[in-house]
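Fold and contact review
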Amino acid sequence: MKNILLVLTITFIILTFLGAAYVLMNHGTVTAGYIVVPMVFGLAFGGWYYQFKKK
């Protein structure tokens with residue numbers, strides 16, 4: 001379970017940076033949701049990973 005959460009955390013963090021690059025390439029005319037949504041999931045999965053890691 002820990003490995004799955006770690007992979008999901010890393011995947012969503014990478015998607016966050018890709019979303020930021022996409023927004024910057026479009027000069028900010030697209031919504032910031034491309035950055036925020038993956039980061040929320042990345043933080044959630046990261047928190048769950050941290051909880052499982054402590055056990």
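It should be noted that the structure appears before, not after, this text.
Now for a quick tour of the structure. (Residues numbered from 1 in each chain as written. Predicted model: local features only at pLDDT ≥ 70, side-chain atom pairs only at ≥ 80, totals over all residues. Heavy atoms only, no water.)

This part is about the overall build of the chain. When helices and strands are counted, the chain shows 2 helices and 0 strands. In terms of C-alpha radius of gyration, the chain reaches 13 Å, well past the compact-globule figure of 10 Å for 55 residues. Judged by the C-alpha coordinates and their principal axes, the chain covers about 45 × 15 × 10 Å. With 55 residues in all, the chain has 16% of them scored as buried. Counting only contacts in the chain whose residues sit at least 6 apart along the sequence, the fraction spanning at least 24 positions is 55%. (Helix = DSSP H or I, 4+ residues; strand = E, 2+ residues; numbered from the N terminus. Rg over C-alpha atoms; globule rule 2.2 N^0.38 Å. Buried < 20%, exposed > 50% of the residue type's maximum accessible area, 1.4 Å probe, protein only. Contact = heavy atoms within 4.5 Å.)

Time to look at unusual backbone geometry. In this structure, His27 is a non-glycine residue whose phi angle is positive, near 55°. Tracing the backbone shows His27 in the loop between helix H1 (2-25) and helix H2 (33-54). Exposure remark for His27: the relative accessible area of 72% places this residue in the exposed category.

What follows is about the packing of aromatic side chains. For the coordinates displayed, the defined rule picks out 4 aromatic pairs. Ring centres of Phe45 and Trp48 lie 5.6 Å apart, and the angle between their planes is 70°; this geometry places the pair in the edge-to-face category. Of this pair, Phe45 and Trp48 both sit in helix H2, 3 residues apart, roughly one helical turn. By relative accessible area, Phe45 is classed as buried at 15%. Ring-pair connections join several aromatic residues into one group, and the members of that group are Phe12, Phe41, Phe45 and Trp48. (Phe/Tyr/Trp six-rings, centres within 6.5 Å; stacked < 30°, edge-to-face > 60°.)

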